[in-house]
Amino acid sequence: MVEIAYGIAPRYEGRGYAAEAVGALIVSAFDTPRVAVIRAHTLPLANASTRVLAKCELIHVGAIIDPQDGPVWRWEMRRSSPPA
């Protein structure tokens, strides 16, 4: 399992860079045969990050309590369902 994260400077938001970055992270992670699951976490509410992850075909698998961040939503993609 690998966890991905990304950030986009505010002046570059809304231009598709986040989805492009997540797509590249997915490809890179699955290029490593040992990686079976890609995971990401977001704030527990619909927002730009949740839209990016859904667009990149990660699945919202539920809410968890992160020891550092508190309540977050977990998103995953498994090798059995790589992006089209």
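**What about the environment of Ala-24?**
Looking at the element boundaries, Ala-24 is found in helix α1 (residues 17–30). In this structure Ala-24 comes out as partly exposed when scored by relative accessible area, which is 47%. Spatially, the C-alpha atom of Ala-24 lies 23 Å from that of Ala-46, the residues being 22 residues apart in sequence.

**Points about the nonpolar core**
Core analysis: the biggest nonpolar cluster contains 16 residues, and Val-22, Ile-26, Ile-38, Cys-56 and Leu-58 have the highest contact counts within it. Taken together, the elements giving at least two residues each to this core come down to α1, β2 (37–42), α2 (48–55) and β4 (70–78). Apart from the residues within four sequence positions on either side, Val-22 is in contact with Ile-4, Tyr-6, Val-52, Leu-53, Cys-56 and Leu-58.

**Some thoughts on the environment of Ile-4**
Mapped onto the secondary structure, Ile-4 falls in the loop between β1 (2–3) and α1. Owing to a relative accessible area of 9%, Ile-4 belongs among the buried residues under this scheme. The spatial distance from the C-alpha of Ile-4 to the C-alpha of Thr-32 is 14 Å, given a sequence separation of 28 residues. Beyond its immediate chain neighbours, meaning those up to four positions away, Ile-4 contacts Val-22, Leu-25, Ile-38, Arg-39 and Ala-40.

Criteria and cut-off values
Residues numbered from 1 in each chain as written. Predicted model: local features only at pLDDT ≥ 70, side-chain atom pairs only at ≥ 80, totals over all residues. Heavy atoms only, no water. Helix = DSSP H or I, 4+ residues; strand = E, 2+ residues; numbered from the N terminus. Buried < 20%, exposed > 50% of the residue type's maximum accessible area, 1.4 Å probe, protein only. Core = buried A, V, L, I, M, F, W, Y, C linked by side-chain atoms within 4.5 Å. Contact = heavy atoms within 4.5 Å.

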